[in-house]
Amino acid sequence: MPTPTSSPPPTPPVARDRAARYDPFAVGLHWLLALGFLAMLVLGSTMTGLPLSPTRLKLYNWHKWAGVSLLALSLLRVAWRLTHLPPPAPPMPAWQHAAMRVTHAAFYALFFAVPLAGWSYSSAAGFPVVLFGVWPLPDFVPADRELAEAIKPLHATLAYTLAVTIAVHVLAAFKHQFVDRDGLLARMSFARSRNPRAVR
Ligand code: HEM
Ligand code: HEM
């Protein structure tokens, strides 16, 4: 029977793990890139349906500039991820852990594949990218109509694969947060979890 003066029992290692979070820089990059890629999916799928006009041209340029910027931020993110260990995963069934690893790996592959395919399509179509209208970027592929026609659906397919991956990821995150109530969201937030069942 503990006396009122006795110190609380030490926190077990698993409980400490569940309280672990990504570092603030990784959290900042996660949310910046999440918003950025979501905005690009909306912009990309909207702009292609517009009639030829100066507005459409402007949106195409914004899409390209933002896409190349997200590519650069993804490089920074990978460099950060490779040099900073993520917090250990919270307890979950092995299949969910495997699914999480596959989803995260797919994200990192798509962060590069989607913009690089877009950039290649732009070059193949004969429109080299001039970043922010100021810096001409190199072409990795020659201007070639047939090549452009082949890359265009590739960029779209990769982009919609990213959209599906995001949907799976968000559903899984919400399932953990609101069904399992394991405080998973706190791992990717700047503030501590207020979930009473998340062990701190
Ligand atoms: C409402 C939207 C979102 C929520 C609630 C959310 C939540 C989370 C959470 C809780 C984690 C940490 C998982 C863990 O504990 O290991 C995470 C990781 C991750 N999220 Fe999201 N996310 C969202 C949107 C997105 C979007 C749109 C993307 C991609 C564009 C994305 C990409 C990632 C990646 C790549 C990781 C793995 C981080 C790493 O280990 O390097 N997330 N997300
Ligand atoms: C960074 C992430 C990117 C995402 C999520 C994305 C997404 C999309 C989407 C959803 C479409 C519409 C596809 C369709 O329905 O046909 C699209 C079209 C397009 N994207 Fe991207 N994109 C990205 C990066 C880039 C980059 C970096 C470039 C070029 C430098 C680019 C160039 C284009 C072009 C030219 C189109 C129009 C293709 C057409 O005329 O049908 N994208 N993009």
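You'll find the structure just up there.
Residues numbered from 1 in each chain as written. Chains lettered and ligands numbered in written order. Predicted model: local features only at pLDDT ≥ 70, side-chain atom pairs only at ≥ 80, totals over all residues.

### Considering the overall build of the chain
From N to C terminus, the chain includes 5 helices and 2 strands. Ordering the α and β elements of the chain from the N terminus gives α-α-α-α-β-β-α. The burial tally for the chain puts 18% of its 200 residues in the buried class. (Helix = DSSP H or I, 4+ residues; strand = E, 2+ residues; numbered from the N terminus. Buried ≥ 20, exposed ≤ 12 C-beta atoms within 10 Å, placed from the backbone.)

### A few points about the site of ligand 1
Contacts to ligand 1 come from 18 residues, most closely from Ala34, Phe37, Phe107, Ala173 and Met188. Here the shell around ligand 1 gets 5 residues from one element, more than from any other, and that element is helix α2 (residues 24–47). When grouped by side-chain class, the residues that make up the shell around ligand 1 number 13 nonpolar, 3 polar and 2 charged. (Near = placed C-beta within 6 Å. Nonpolar A, V, L, I, M, F, W, Y, C, P; charged D, E, K, R; others polar.)

### Brief notes about the site of ligand 2
Near ligand 2 there are 24 residues, and of these Gly44, Gly67, Gly118, Ala156 and Ala159 occur at the shortest range. Listing elements by their share of the shell around ligand 2, those giving two or more residues are α2, α3 (54–83), α4 (94–124) and α5 (145–180). Split into classes, the residues belonging to the shell around ligand 2 amount to 14 nonpolar, 8 polar and 2 charged.

### Here we look at the packing of α3 against α4
Packing of α3 against α4 leaves a shortest axis separation of 9 Å and a crossing angle of 145 degrees. Handedness of the α3/α4 crossing: left-handed. Across the interface between the two elements, Lys64, Gly67, Val68, Leu70, Leu71, Ser74 and Val78 of α3 pack against Tyr108, Phe111, Phe112, Pro115, Gly118, Trp119 and Ser122 of α4. Among the residues forming the contact of α3 with α4, the class breakdown is 9 nonpolar, 4 polar and 1 charged. (Axes fitted to C-alpha atoms, helices over the stretch in contact; angles between N-to-C directions. Left-handed = near helix turned anticlockwise from the far one by under 90°. Contact = placed C-beta atoms within 7 Å.)

### Thoughts on the nonpolar core
Within the largest apolar cluster, 12 residues are counted, these being Phe37, Met40, Leu70, Leu110, Phe111, Val114, Ala117, Tyr121, Ala124, Ile151, Ala159 and Leu162. At the level of elements, α2, α4 and α5 are the ones that each hand at least two residues to this core. In terms of residues, this core owes the most to one element, α4, which gives 6 residues. Excluding residues that lie within four positions of it along the chain, Val114 makes contacts with His155, Leu158, Ala159 and Leu162. (Core = buried A, V, L, I, M, F, W, Y, C linked by C-beta atoms within 7 Å.)

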